[in-house]
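# Architecture and fold: a report
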Amino acid sequence: HQTETYVIVGGSGTMITGGRIVNGRKSAPDSAVTTILNGPSCSGAIAGPGVVTRLVKTGDIIIIPAGVPHGWSDIPEFVDYLSIRPDPDRVLKPYT
């Protein structure tokens, strides 16, 4: 539900954006994915019209608008990225 920014700090990979999530599985409200890692999310295959794939590499900055499906299709060795994800609803637990 939030715009995300990825800053690629190492490696490379193929990022997929757009389309729709097929047979999506929403993260449980009390799961670690929801409360610690990402906030509410949905996982599954990305397909359909509007799917874009692009190679991203060290130094790239990607802005993903709220509501746009996104994920990875190929990571040859590794990809390290800084994820900037606002949490105005305070879903994530504070870091202690």
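Residues take numbers from 1 onward in each chain, read along the sequence in its written order. In keeping with the model being predicted, local features are shown solely for residues with a pLDDT of at least 70 and side-chain atom pairs are shown and tallied solely at 80 or more, while totals for entire chains, interfaces and linings include all residues. The side-chain quantities take in all heavy atoms of the structure and omit both hydrogens and water.

### Comments concerning the overall build of the protein chain
Short version of the rule: By the criteria applied, helices consist of DSSP H or I runs no shorter than four residues and strands consist of E runs no shorter than two, each listed in order from the N terminus. Both definitions apply: the radius of gyration is a C-alpha atom measure, and the globule rule equals 2.2 Å times residues to the power 0.38. Whether a residue is buried, partly exposed or exposed follows from its accessible area with a 1.4 Å probe, protein chains only, as a fraction of its type maximum: under 20%, in between, or over 50%, in that order. Residue burial considers only the protein chains on display, and all accessible areas are found by Shrake-Rupley using a 1.4 Å probe.
Helices and strands together make up the secondary structure of the protein chain, namely one helix and seven strands. Starting at the N terminus and walking to the C terminus, you meet the elements of the protein chain as β-β-α-β-β-β-β-β. A globule of 96 residues ought to have a C-alpha radius of gyration of about 12 Å, and the protein chain, at 14 Å, matches this closely. Its C-alpha atoms put the protein chain at 35 × 30 × 20 Å along the principal axes. Expressed as a percentage of its 96 residues, the buried residues of the protein chain come to 24%. Approximately 6500 Å² of the protein chain is accessible, and the part contributed by carbon and sulfur atoms is 57%.

### Topic: a nonpolar patch on the surface
Applied cut-off: Here the term patch refers to residues with relative accessible area over 30% and no salt bridge, with like charges joined within 9 Å and nonpolar side chains (Val, Leu, Ile, Met, Phe, Trp, Tyr) within 5 Å. Note on definitions: salt bridges are taken to be side-chain nitrogens of Lys or Arg within 4 Å of carboxyl oxygens of Asp or Glu.
The grouping of V9, L82 and I84 at the surface amounts to a nonpolar patch, some 270 Å² of accessible area in total. With respect to the helices, strands and loops of the structure, V9 is situated in strand β1 (residues 4–17). Residue classification places V9 among the exposed positions, given a relative accessible area of 54%.

### Comments concerning the environment of G18
Keep this limit in mind: Residue contacts are counted whenever heavy atoms from the two residues lie within 4.5 Å of one another.
When you line up the elements, G18 lands in the loop between β1 and β2 (20–26). Exposure remark for G18: the relative accessible area of 14% places this residue in the buried category. When the C-alpha positions of G18 and F78 are compared, they lie 23 Å apart, and in sequence the two are 60 residues distant. Beyond its immediate stretch of four places on either side in the chain, G18 contacts I46, G50, V51, V68 and P69.

### Focus: unusual backbone geometry
One can expect most non-glycine residues to show negative phi and most peptide bonds to be in trans. Not every positive phi belongs to a glycine, and N23 is a case in point at roughly 50°. You can see N23 is positioned in strand β2.

### Focus: the packing of aromatic side chains
Rules: To pair, rings of Phe, Tyr and Trp, with the six-membered ring standing in for Trp, must have centres within 6.5 Å; the planes then decide the type, stacked if under 30 degrees apart, edge-to-face if over 60, and tilted in the middle.
Enumeration over the complete set of coordinates arrives at two aromatic pairs. Ring geometry for W72 and Y81: centres 5.6 Å apart, planes at 35°, overall tilted. Y81 sits in the partly exposed class, given a relative accessible area of 33%. Each member of the aromatic cluster is reached from another via a ring pair, and the members are Y6, W72 and Y81.

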